[in-house]
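What follows is each chain in one-letter form.
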Amino acid sequence: MAYCDRRVLSIQSHVVSGYVGNKAATFPMQVLGYDVDCINSVQLSNHTQYDHFAGQVLNAEELRSVFLDGLVKNDIHCYSHVLTGYVGSPSFLVEVCKVVEMLKARNPNIVFICDPVMGDHGRFYVPQENLPIYRDQLLKMADVITPNQFEAEKMSGIKITNIEEGLQAMQILHEKGPSTVILSSFESDDKLITLATSIKDGKKTGCSLELTRIENNFVGTGDLFAALVLVWLHKHPDNLQLAIEKTVSTLRKVLQNTHDAMKTVVKEGKNPTYAEKELRLIDSMKDIIEGKVTVKATPINF
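Just so you know, these numbers come straight off a predicted model, no measurement behind them. (Residues numbered from 1 in each chain as written. Predicted model: local features only at pLDDT ≥ 70, side-chain atom pairs only at ≥ 80, totals over all residues. Heavy atoms only, no water.)

## Topic: the pattern of salt bridges
One pass over the full model with this rule turns up 11 salt bridges. Ionic pairing is found between Asp37 and Arg7, a salt bridge with its closest N-O pair at 2.9 Å. Of the two residues, Asp37 sits in strand β2 (residues 35-44) while Arg7 sits in strand β1 (residues 7-15), which places them 30 residues apart along the sequence. Relative accessible area serves as the criterion here: at 26%, Asp37 is assigned to the partly exposed category. By relative accessible area, which is 8% here, Arg7 ends up buried. Residue Asp75 pairs with Arg106 through a salt bridge whose shortest N-O separation is 3.2 Å. Here Arg106 lies in helix α3 (residues 90-106) and Asp75 lies in the loop between α2 (60-72) and β4 (81-84), a separation of 31 residues in the sequence. A network of salt bridges, in which partner residues are shared, links Arg64, Glu95 and Lys98. (Salt bridge = Lys/Arg side-chain N within 4 Å of Asp/Glu carboxyl O. Helix = DSSP H or I, 4+ residues; strand = E, 2+ residues; numbered from the N terminus. Buried < 20%, exposed > 50% of the residue type's maximum accessible area, 1.4 Å probe, protein only.)

## Observations concerning the pairing of β4
With burial as the criterion, each face of β4 is covered, one bearing His81 and Leu83 and the other bearing Val82 and Thr84. The pairing of β1 with β4 spans four bridges and is classified as parallel. Counterpart to Ile11 in the pairing with β4 is Thr84. The sheet contact formed by β4 and strand β5 (residues 111-114) spans four bridges and is parallel. Paired with Thr84 across the two strands is Cys114, which belongs to β5. (Pairing = 2+ DSSP bridges.)

## What about the UniProt feature "domain: Pyridoxamine kinase/Phosphomethylpyrimidine kinase" (unreviewed entry) in the protein?
The UniProt entry lists residues 97-260 under the feature "domain: Pyridoxamine kinase/Phosphomethylpyrimidine kinase" (unreviewed entry), expressed in the numbering used here. Secondary structure across residues 97-260 comprises 48% helix and 24% strand; the distance between its end C-alpha atoms is 40 Å. (UniProt positions renumbered as here; feature names shortened; annotations may be inferred.)

## What about helix α4 (residues 130-141)?
Across its 12 residues, α4 extends 16 Å between first and last C-alpha, which sits within 8% of the 16 Å expected from 1.5 Å per residue. Among the residues of α4, those classed as buried are Asn130, Leu131, Ile133, Tyr134, Leu138, Leu139 and Met141. Taken down its axis, α4 places every buried residue within 150 degrees of arc, on the same side. Turning to α4, the residues buried within the fold contact α3, β5, β7 (123-124), β8 (144-145), α5 (149-156) and α6 (163-174). (Expected span 1.5 Å × (residues − 1). Arc of directions from axis to C-beta. Contact = heavy atoms within 4.5 Å.)

## Thoughts on α2
Residues lying three or four places apart along an α-helix face the same way, a consequence of the helix completing one turn every 3.6 residues. Listed in full, the buried residues belonging to α2 are Ala60, Leu63, Phe67 and Leu71. Buried positions in α2, seen along its axis, are confined to an arc of 85 degrees and lie on one side of it. Close packing links the buried residues of α2 with β1, β2 and α3. Residue Asn59 occupies the N-cap position of α2, its side-chain oxygen lying 3.1 Å from the main-chain nitrogen of Glu61. (Polar contact = N/O pair within 3.5 Å; in protein donor to acceptor, adjacent residues only side chain to side chain.)

## Quick notes on the environment of Val57
Its location among the elements puts Val57 in strand β3 (residues 55-57). If we ignore the near neighbours within four places in the chain, the residues touching Val57 are Ser41, Val42 and Glu62.

Structure (structure tokens):
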């Protein structure tokens, strides 16, 4: 089974220019020592916040063909991890469920990290039909999930305005299947809060982490977050707090690098363009590899 070690199948979006989806997730995992195979759910010129974008949305048949007719027939579908992110089609998402089932059959020890990408800031940016597929099918198979506030609220039915409500929503999600639930961020009193809980051998552990917001909104942060979660949970399987600290600290450093670089190119008095706000992943390679803890989490007692 050595062939399967540190091999990730990542199923999410692809852009030619910029860093979201697989473009945001692949490089960090690779420099941290993981082989990454990518299946694209869409392939676009750039992310959709730009004024213009073009490309294709892949359908379920195309996913089935790549996986069954290529990877499975060649018996090269043994992975240590599967990571899923943005999927813009319900039929494609249903096919993802089948792919995960087959990967688990091929390697029962595979770890499935599900980032249930559906929306943010109170609105869906995928078809709402994706919600029950995530909630009722994929969560049953997931080992780790990394929803944002909007996604956790939709899947749990709980409105999240504070840590207590966040933990309540996360417990509901635990009961649907995943042993580790990471609420990537929610806002409270001008702070960004990350919550993580894990249940192992009947014992529940958890931690919380608070950050001040960096000026400007960046795209692709959730995709980078989920990739870092995959790596640091694998490297520190018995230390949830350390894994979260390394994840958030690295993400914070990438965003700071991006913000600092952006300020050197934005013309005075002008708002930054989306091109100027693309994540500076390559410039942050040493920081990603180092994984230095600069933000400490607080343990949660249950």
